[in-house]
Amino acid sequence: MKYGFDNDKYLKIQSEHIKERIARFGNKLYLEFGGKLFDDYHASRVLPGFHPDSKLKMLMQLSDYAEIVIVISAEDIKKNKIRGDLGISYVDDVIRLREEFMNRNLMVSSVVITHYSGQDTADAFKKRLENLNIKTYIHYTIPGYPSNVALIDSDEGYGKNDYIETTRPLVVVTAPGPGSGKMAVCLSQLYQDNKRGIKAGYAKFETFPIWNLPLKHPVNMAYEAATADLNDVNMIDPFHLEAYGKTTVNYNRDIEIFPVLNAIFEGIYDENPYKSPTDMGVNMAGYCICDDEVCCNASRQEIIRRYYNTLNSLVLGKAQENEVYKLELLMKQAKITTADRKVTVAANERASQSDSVCAAMELNDGTIITSQTSSLLGASAALILNAIKHLANIDHSIKLIPSSMIEPIQNMKVTYLMGNNPRLHTDEVLVALAMLSLTDPNCKKAIEQLPQLKGCQVHTTVMLSEVDRKIFKKLGVDVTCEPVLKK
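The present account deals with the structure reproduced in this document. (Residues numbered from 1 in each chain as written. Predicted model: local features only at pLDDT ≥ 70, side-chain atom pairs only at ≥ 80, totals over all residues. Heavy atoms only, no water.)

## Digging into the sheet that holds strand S2 (residues 66–73)
Next, step 1: Read from one edge to the other, the open sheet built from six strands follows the order S6-S5-S2-S7-S1-S8, with strand pairing classed as parallel. Pairing within the sheet leaves two strands with one partner each, and these edge strands are strand S6 (136–140) and strand S8 (201–205). Averaged over all pairs of adjacent strands, the angle between their axes in this sheet comes to 25°, without regard to strand direction.
Next, step 2: Contacts from helix H5 (residues 90–103) reach S2, strand S5 (107–116) and strand S7 (170–174) within the one sheet, and its direction differs from that of S2 by about 175°. (Pairing = 2+ DSSP bridges. Helix = DSSP H or I, 4+ residues; strand = E, 2+ residues; numbered from the N terminus. Axes fitted to C-alpha atoms, helices over the stretch in contact; angles between N-to-C directions. Contact = heavy atoms within 4.5 Å.)

Here it is in structure tokens:
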């Protein structure tokens, strides 16, 4: 893999910059953490070299300074909102996040339930947290938020919220997902701290868009592709341009809300310490790109992957057509098509020749491996076998799993488990391979190649089953599929 991002430099300068921001505000800073602290795979895909847990490691360098406040909306509790990437509720993710942070020696001081207006589900969750000895606070819905500044900056607005007791210079405010009310929690604390004679500050930490890259840089365009469902749009920050004469990039929601934030800050402090949305950010990622072309190429590929994923979601009724149109426009702006994804071309070419379901994988050295569905194996299972045989220098004619072993498994699936598809999925093939590796050196050698599949690209000519999709994800393989349901 070619690297375009210096992760060690990022950890160093990002933590130093946050320390500087803490000092600027008299040793008390509320830092709104956007995006994912754990498993930021989008960042690692568009910035090759960025580790998925980089932001967490950076925070661990500040563990002596920091405490964490986890925010969840009462409305999300009521709706039982689910994290799409993990398949767990926001409620369960609050508990998970707390445990993950604490396991890394990070202090989690409390949980805040926002947008509260008497929801029974929120009351039940608060009781659950308190039974676990987790300090819990309530922040209320404010009528007219965020425009009614006079009410917001009053004892009936922010002043009505529970005051969050904090003890450390850096208070990291994070949440299971967007729309949880992190910014409002930070601003509420500023209001209440000011009433108590404490002069605290606020800053925002989001990786994307990267403010010091051009507006139409592929990395920033890939962020728009990732948020097509939210209709986020990257924009030149007009406030920063007016104040400093410098062009920087932010996104529409922060730019649109800035006049309101400006009024809220003036209501709290009589002045706003920031002249633009860009000023509020602390992201240093743009300074750590060491090979721009590598990041550009990776970002173009991410846009294509997002396009296919949205097409698949549209078929399943989980996306809107306007999301597809937006991604098509981004692809035109980036001057790319699906043909720029090598595995897409390879899989579809083989399918046209064989008239069956096919798949293709691009290995990290650029080698293309293909497969097709047979009476014994699905295309994805065959693809993994073909790839690890190639990596292990095992002749393609050698059958790692004999048909005499596959047939009893098929019989079990169809006869006893009442399945309709006798072909082996990826997980079944890997289990069979593991059993055979006890006596077959080739199987053992093939299994040892599985880590080399991390970062490889795959395309299939039909949409994958959930089982196959999860196996590829566990192997670290990036998958796209034609928007065609299996028959």
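Let's pick the thread back up.
## Observations regarding the pattern of salt bridges
Should their charged atoms come close, side chains of opposite charge can pair.
Next, step 1: Going through the model one piece at a time under the given rule, you end up with 21 salt bridges.
Next, step 2: Asp53 is the salt-bridge partner of Lys57, the closest N and O atoms lying 3.9 Å from each other.
Next, step 3: Given a relative accessible area of 34%, Lys57 falls into the partly exposed group.
Next, step 4: Where Lys126 meets Glu130, a salt bridge forms, and the shortest distance between an N and an O atom there is 2.5 Å. (Salt bridge = Lys/Arg side-chain N within 4 Å of Asp/Glu carboxyl O. Buried < 20%, exposed > 50% of the residue type's maximum accessible area, 1.4 Å probe, protein only.)

## Description of unusual backbone geometry
Next, step 1: Backbone torsion omega between Tyr145 and Pro146 reads 5°, so that peptide bond is classified as cis.
Next, step 2: When you line up the elements, Pro146 lands in the loop between S6 and helix H7 (149–152).
Next, step 3: Across the junction of Phe208 and Pro209, the peptide omega takes the value -10°, indicating a cis bond.
Next, step 4: Note on placement: Pro209 falls in the loop between S8 and helix H9 (218–226).
Next, step 5: Despite not being glycine, His115 shows a phi value in the positive range, around 55°.
Next, step 6: Examined against the element boundaries, His115 turns out to sit in strand S5.
Next, step 7: Taking the relative accessible area as the measure of exposure, His115 reaches 29% and is therefore partly exposed.
Next, step 8: At Asn133, a residue that is not glycine, the phi angle is positive and equals roughly 60°.
Next, step 9: Relative to the assigned elements, Asn133 resides in the loop between helix H6 (120–131) and S6.
Next, step 10: The class of Asn133 is exposed, set by a relative accessible area of 71%.

## A short note on the packing of aromatic side chains
Next, step 1: Overall, the coordinates contain 15 aromatic pairs when judged by the stated rule.
Next, step 2: With 6.3 Å between their ring centres and 45° between their planes, Tyr202 and Phe265 make a pair best called tilted. Separated by 63 residues along the polypeptide, Tyr202 in strand S8 and Phe265 in helix H11 (residues 252–269) bring together distant segments of the chain.
Next, step 3: Assessed through its relative accessible area of 1%, Tyr202 is described here as buried.
Next, step 4: Here the aromatic residues Phe25, Tyr202, Phe265, Tyr269 and Tyr274 are joined through ring pairs into a cluster of three or more.
Next, step 5: It is Lys160 that lies over the ring of Tyr140; its NZ or CZ is 5.0 Å from the centre. (Phe/Tyr/Trp six-rings, centres within 6.5 Å; stacked < 30°, edge-to-face > 60°. Lys NZ or Arg CZ within 6 Å of the ring centre and 35° of its normal.)

## Considerations on the sheet that holds strand S12 (residues 368–372)
Next, step 1: Strand order in this open sheet of four strands is S12-S11-S13-S14, and the pairing throughout is mixed. Here the strands that pair on one side only, and so sit at the sheet edges, are S12 and strand S14 (478–481). Sheet twist, expressed as the mean angle between neighbouring strand axes with direction ignored, is 15°.

## Details of empty space enclosed by the protein
Next, step 1: The tally for this structure, following the rule as stated, stands at one cavity of 30 Å³ or more.
Next, step 2: When its volume is computed, the largest cavity comes out at roughly 170 Å³.
Next, step 3: Lining the largest cavity are 16 residues, and of these Glu206, Pro209, Asn250, Asp254 and Gly281 sit closest to its centre.
Next, step 4: Breaking the lining of the largest cavity down by element, the ones donating at least two residues are S8, strand S10 (249–251) and helix H12 (277–280).
Next, step 5: Residue composition of the lining of the largest cavity, grouped by class: nine nonpolar, four polar and three charged. (1 Å grid on protein atoms, 1.4 Å probe; cavity = no way out; pocket = protein on both sides within 12 Å on 5 of 7 lines; lining within 4 Å. Points joined across faces, edges and corners; volume = space filled by probe spheres on them. Nonpolar A, V, L, I, M, F, W, Y, C, P; charged D, E, K, R; others polar.)

## Comments concerning the side chain of Thr310
Next, step 1: Of note, Thr310 is situated in helix H13 (residues 292–315).
Next, step 2: Side-chain polar atoms of Thr310 contact the backbone oxygen of Arg306, separated by 2.9 Å.
Next, step 3: Each residue touching Thr310, except ones within four places of it in the same chain, is listed here: Ala319, Glu323, Val324 and Leu327. (Polar contact = N/O pair within 3.5 Å; in protein donor to acceptor, adjacent residues only side chain to side chain.)

## Overview of the packing of H13 against helix H14 (residues 321–333)
Next, step 1: Relative orientation of the contacting elements H13 and H14 amounts to 160°, with a least axis distance of 9 Å. In this view, H13 runs roughly antiparallel relative to H14, as classed from their interaxial angle. Viewed along their axes, H13 and H14 form a crossing whose handedness is left-handed. Every residue of H14 that contacts H13 at Ile303, Ile304, Arg306, Tyr307, Thr310, Leu311 and Leu314 is listed here: Glu321, Glu323, Val324, Leu327, Glu328, Leu330 and Met331. (Parallel < 35°, antiparallel > 145°, perpendicular 65-115°, else oblique. Left-handed = near helix turned anticlockwise from the far one by under 90°.)

## Topic: the nonpolar core
Next, step 1: Counting residues in hydrophobic clusters, the biggest one holds 103 residues, and the most contacted among them are Leu47, Ile72, Phe101, Leu170, Leu190 and Ile303.
Next, step 2: A per-element tally of this core places H11 first, with seven residues.
Next, step 3: Core analysis: the next-biggest nonpolar cluster, separate from the first, contains 39 residues, Leu385, Ile394, Leu424 and Val458 among them. (Core = buried A, V, L, I, M, F, W, Y, C linked by side-chain atoms within 4.5 Å.)

## Overview of the state of the cysteines
In a disulfide, the sulfur atoms of two cysteines are covalently bonded to one another.
Next, step 1: Per the counting criterion, the structure on display carries zero disulfides.
Next, step 2: Unpaired in this structure, Cys288 has its nearest cysteine sulfur neighbour in Cys290, at a distance of 9.0 Å.
Next, step 3: We classify Cys288 as buried; its relative accessible area is 1%. (Disulfide = S-S within 2.5 Å.)

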